[in-house]
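# Working through the structure, step by step
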Amino acid sequence: EAAIRRLVALINIMAEHKNRTIPVLEHVHERERIMQQLVEVLSAVASAQDPEATTANNKSPSRSPKSQPQPAPLLTPTESAAAVHHHLYLLQQATLKVVESIVAWREHGMYLPHPFMVNGENYMLKIFQDCLFLATSANLSADQRDQLLPMQSLYMRYPLFSNLPSLSRYKNIA
């Protein structure tokens, strides 16, 4: 009887853990979708200004090789900047949801702050690697990065462009 009670308690703990994990994975999936869209937009912008540009040399190590950016119509520099900033805003908001949900996941019953692992990788570290990729390569020339990703060299001090309060203006731009 005591063994059955312990087994039921363990099953309840596992069910609670599952219920806390699923929302985090949903937020991670959404963030990954937005990150892929941003990489595609950046690739389209880079290739629009340089038709010889390829994504092979500057792929993010976390992006899958089977998903190649689709050709996009040519955009003016203003439209390009608006599209990039819109996706940066979406990425910023999705990342905040991921971080908040990981913090909530950790707060319930964990004695140590365990990393939230996705595909064998600490997802908080992956967020940092994605920011580094955006700030340093992202398939753009140095001039394009300076124009489209303002203050990108400050990614360590201001992750996810948190130094740009005007980024929210690009919330509804499609």
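Residues numbered from 1 in each chain as written. Predicted model: local features only at pLDDT ≥ 70, side-chain atom pairs only at ≥ 80, totals over all residues. Heavy atoms only, no water.

## Some words on the overall build of the chain
Counting its regular elements, the chain contains four helices and two strands. Taken from N to C terminus, the helices and strands of the chain fall in the order α-α-β-β-α-α. Looking at the chain residue by residue over its 174 residues, the buried ones come to 36%. Summarising the internal contacts of the chain: among those between residues at least 6 apart in sequence, 74% fall at separations of at least 24. In the structure as shown, the chain presents an accessible area of about 10800 Å², 59% of it carried by carbon and sulfur atoms. (Helix = DSSP H or I, 4+ residues; strand = E, 2+ residues; numbered from the N terminus. Buried < 20%, exposed > 50% of the residue type's maximum accessible area, 1.4 Å probe, protein only. Contact = heavy atoms within 4.5 Å. Areas by Shrake-Rupley, 256 points an atom, 1.4 Å probe, with all protein chains shown as cover.)

## Structural notes on helix α3 (residues 123-136)
Three- or four-residue spacings in an α-helix give side chains the same orientation, since the helix completes a turn every 3.6 residues. Between its first and last C-alpha atoms α3 spans 20 Å; for 14 residues at 1.5 Å apiece the expected length is 20 Å, and the two agree. Three or more residues of α3 are buried, namely Y123, K126, I127, D130, C131, F133, L134 and A135. (Expected span 1.5 Å × (residues − 1).)

## Brief notes about a nonpolar patch on the surface
Together, L7, L10, I11 and M14 line one region of the surface with nonpolar side chains, adding up to about 400 Å² of accessible area. Looking at where I11 falls in the secondary structure, it is placed in helix α1 (residues 2-49). (Patch = residues over 30% accessible without salt bridge, like charges linked within 9 Å, V, L, I, M, F, W, Y side chains within 5 Å. Salt bridge = Lys/Arg side-chain N within 4 Å of Asp/Glu carboxyl O.)

## Quick notes on the pattern of salt bridges
Pairing is possible between side chains that carry opposite charge, provided their charged atoms lie close to one another. Overall, the coordinates contain seven salt bridges when judged by the stated rule. The residue E16 makes a salt bridge to R20 at a minimum N-O spacing of 3.1 Å. Residue E16 and its partner R20 are both found in helix α1; the two are separated by four residues, about one turn of the helix. For E16, a relative accessible area of 43% puts it in the partly exposed group. Ionic pairing is found between E30 and R33, a salt bridge with its closest N-O pair at 2.4 Å. Placement of both E30 and R33 in helix α1 is noted, with a separation of three residues, approximately one turn of the helix. Taking the relative accessible area as the measure of exposure, R33 reaches 37% and is therefore partly exposed. Three or more residues are tied together by salt bridges with common partners; here these are R31, E32, K126 and D130.

## A word on the confidence of the model for the chain
Here the chain averages 76 in pLDDT, while 66% of its residues score no lower than 70. When pLDDT is averaged over each element of the chain, strand β2 (residues 121-122) comes out on top at 94 and helix α4 (residues 142-148) at the bottom at 71. A low-confidence stretch, residues 53-61 stays under pLDDT 50, and its non-local contacts, those more than four residues away or across chains, total 15 contacts. (pLDDT = per-residue confidence, 0-100.)

## Observations concerning the packing of aromatic side chains
For the structure shown, the criterion picks out one aromatic pair. Pairing W105 with F116 gives two aromatic rings, centres 4.9 Å apart and planes at 85 degrees, and the pair type is edge-to-face. Highlighted residues: W105 in helix α2 (residues 77-107) and F116 in the loop between α2 and β1 (117-118), separated in sequence by eleven residues. For the pair shown, W105 and F116 are each scored as buried. (Phe/Tyr/Trp six-rings, centres within 6.5 Å; stacked < 30°, edge-to-face > 60°.)

## A few points about the nonpolar core
Soluble, globular proteins show a tendency: their nonpolar side chains are buried together. Formed by 18 residues in total, the largest nonpolar core has its most connected members in L38, V84 and L134. Among the elements of the structure, α1, α2 and α3 are those that each provide at least two residues to this core. For this core, the element with the most residues is α1, which contributes eight residues. Core analysis: the second largest hydrophobic core is formed by nine residues, V24, V28, V98 and F116 among them. (Core = buried A, V, L, I, M, F, W, Y, C linked by side-chain atoms within 4.5 Å.)

## Structural notes on the environment of A94
Here A94 shows up in helix α2. Since its relative accessible area comes to 6%, A94 is described here as buried. Distance in space between the C-alpha atoms of A94 and E30 is 6.9 Å, their sequence separation being 64 residues. Filtering out sequence-adjacent residues up to four positions away, A94 remains in contact with R31 and I34.

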